[in-house]
Amino acid sequence: MAGISGHWAFAFGVLGNIVSFIVFLSPLPTFYKIYKKKSTEGYQSIPYVVALFSSMLWIYYAFLKTNTTLIITINSFGCFIETIYVGFYLFYAPKKARVQTVKMLLLSVVGGFGVIVLVTQFLFKGAARGQAVGWICLVFSLCVFVAPLGIVRKVIKTKSVEYMPLLLSVFLTLSAVMWFFYGLLVKDINIAIPNVLGFILGIFQMVLYIIYNKKEKAILKEQKLSEKIQNHVIIVDENNNQKLPELTEEQIIDIVKLGSLISSGKIHVASCLHNSTCGGEAAKVEKVPKLQTAEA
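Procedures and definitions
- Starting from 1, residues in each chain are numbered consecutively following that chain's sequence as written.
- With pLDDT at 70 or above as the cut-off, local features in this predicted model cover only qualifying residues; side-chain atom pairs require 80 or more to be listed or tallied, and sums for whole chains, interfaces and linings still use all residues.
- Note: side-chain values were computed over all heavy atoms of the structure, leaving out hydrogens and water.
- Only runs of H or I of at least four residues qualify as helices and only runs of E of at least two qualify as strands under DSSP, and these elements are numbered from the N terminus.
- Exposure is judged per residue with a 1.4 Å probe applied to protein chains only, and the accessible area is read against the type maximum: over 50% gives exposed, under 20% gives buried, and values in between give partly exposed.
- Should any heavy atoms of two residues lie within 4.5 Å, those residues are counted as being in contact.
- Method for areas: the Shrake-Rupley scheme with a 1.4 Å probe, in which residue coverage is limited to the protein chains shown.
- Every residue is assigned a pLDDT by the predictor, reflecting its confidence on a scale from 0 to 100.
- As used here, the arc belongs to the directions running from the helix axis to the C-beta atoms.
- Within this scheme a cavity is a closed region of a 1 Å grid, computed over the protein atoms alone, that accommodates a 1.4 Å probe without allowing it to escape, whereas a pocket is open but has protein on both sides within 12 Å along at least five of seven lines; lining residues each have an atom within 4 Å of a point.
- Grid points are joined across faces, edges and corners, and a volume is the space filled by probe spheres set on the points.
- In this classification, Asp, Glu, Lys and Arg are treated as charged, Ala, Val, Leu, Ile, Met, Phe, Trp, Tyr, Cys and Pro as nonpolar, and every other residue, Gly included, as polar.
- UniProt positions are given in the numbering used here, feature names are shortened, and annotations may be inferred rather than shown by experiment.

Enquirer: Can you help me understand the overall build of the chain in this one?
Expert: Counting its secondary structure elements, the chain contains 10 helices and five strands. By the burial criterion, 36% of the 296 residues in the chain qualify as buried. At a minimum sequence separation of 6, the contacts of the chain that also span at least 24 residues come to 74%. For the chain, the accessible area works out to roughly 18,700 Å², and carbon and sulfur atoms hold 66% of it.

Written as structure tokens, this is what we have:
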């Protein structure tokens, strides 16, 4: 049974590496937008700084344990790619955001990690050191999953999903599943426990994206329709040069729709309205009030 469990653990570890690799690459579209706009706009650096710190801690933890090659490989790549992200963010961020990011780097990556290494090296020995670092890793893994909640708050406040990358939420959820089973099979609660919360928060973010993405599309549709009815049609009677009663919004929308159908050729308007005969039969046509366009 131990052999089978070991094979399954290795399989989930490899899958965890693959999915986590995609997770680390998922912000690339976000940074491409930043590059195109030459500005970080509403994007925050917190998730990338926290992810960098977490990767460094997991590497330290892996060196204190045995059979942790799969943890070392993915977190080494994590340190590399997150460093690039943070550097890219600092290059395009405005002064205020740049200062905040540098402060976070100094407090967490330099000061925080340095303090953890010194304290655990001098105050703990043997297995106790690995356990202490494991609990610290557990706490900061939870921070990695909680970090995007700042963006979630922005989504709820603005009712827009522009600054919440869906790919990141999807792959974080998948990664949480893989690493949960890996931690469960190798009997390491420091790996398994935080990924339970990661799965829950990942699902929450995806549901939130679906809800507010639909609302955003509905708002955009209403705005386009509002633009169409700005140049609406008013009927004027030429006999007494009086404007007929104003049309309701529903009537204006119907007219716009009808005009779209006519211009697209889906409805054919007979050209015989102004002739004395139509289709071989006499047709007495009264004067039809002309349509004039009123500028908005």
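Next comes the rest of the write-up.
Enquirer: Is there a simple way to explain the confidence of the model for the chain in this structure?
Expert: Low pLDDT marks stretches whose predicted atomic positions should not be read closely. In the predicted model, the chain carries a mean pLDDT of 78, and 71% of its residues have values of at least 70. The least confident element of the chain is strand S4 (residues 281-282), whose mean pLDDT is 44; the most confident is helix H4 (residues 69-92), at 94. In this model, residues 279-296 is a region of pLDDT below 50 whose contacts with residues beyond four sequence positions or in other chains number 24 contacts.

Enquirer: Explanation requested: helix H7 (residues 149-158) in the structure shown.
Expert: Each α-helix turn comprises 3.6 residues. Residues three or four places apart therefore point the same way. Those residues of H7 not exposed but buried are Ile151, Val152 and Val155. The buried side chains of H7 occupy one side of the element, clustering within an arc of 105° when seen end-on. Those residues of H7 that are exposed and angled more than 90 degrees off the buried face are Arg153 and Lys157. Positive backbone phi, at 55°, marks Lys159, one or two positions downstream of H7.

Enquirer: Looking at this structure, how should I read empty space enclosed by the protein?
Expert: Rolled over the atoms, a probe sized like a water molecule indicates the empty space that remains. Applying the stated criterion to the full structure yields three cavities of 30 Å³ or more. Volume-wise, the largest cavity comes out at about 560 Å³. As for the largest cavity, its lining consists of 26 residues, of which Phe24, Ser54, Val144, Phe145 and Ser175 are closest to the centre. Secondary-structure elements contributing two or more residues to the lining of the largest cavity are helix H1 (2-25), helix H3 (46-64), H4, helix H6 (127-146), helix H8 (166-185) and helix H9 (189-228). When residues in the lining of the largest cavity are grouped by element, the largest group, six residues, is from H3. Taken together, the residues of the lining of the largest cavity sort by class into 18 nonpolar, seven polar and one charged.

Enquirer: Where do I start with the UniProt feature "transmembrane region" (unreviewed entry) in the chain in this structure?
Expert: According to UniProt, the "transmembrane region" (unreviewed entry) feature falls on residues 6-25, 46-64, 70-92, 104-124, 130-151, 163-185 and 191-212. Secondary structure over residues 6-25 splits into 100% helix and 0% strand, and the C-alpha atoms at its two ends are 29 Å apart.

Enquirer: For this particular structure, what's the right way to read unusual backbone geometry?
Expert: Most of the time, phi is negative for any residue but glycine, and the peptide bond is trans. Here the phi dihedral of Lys38 falls at roughly 60°; this positive angle occurs in a residue that is not glycine. Counting through the fold element by element, Lys38 comes out in the loop between helix H2 (28-37) and H3. Judged by relative accessible area, Lys38 falls into the partly exposed class, the value being 48%.

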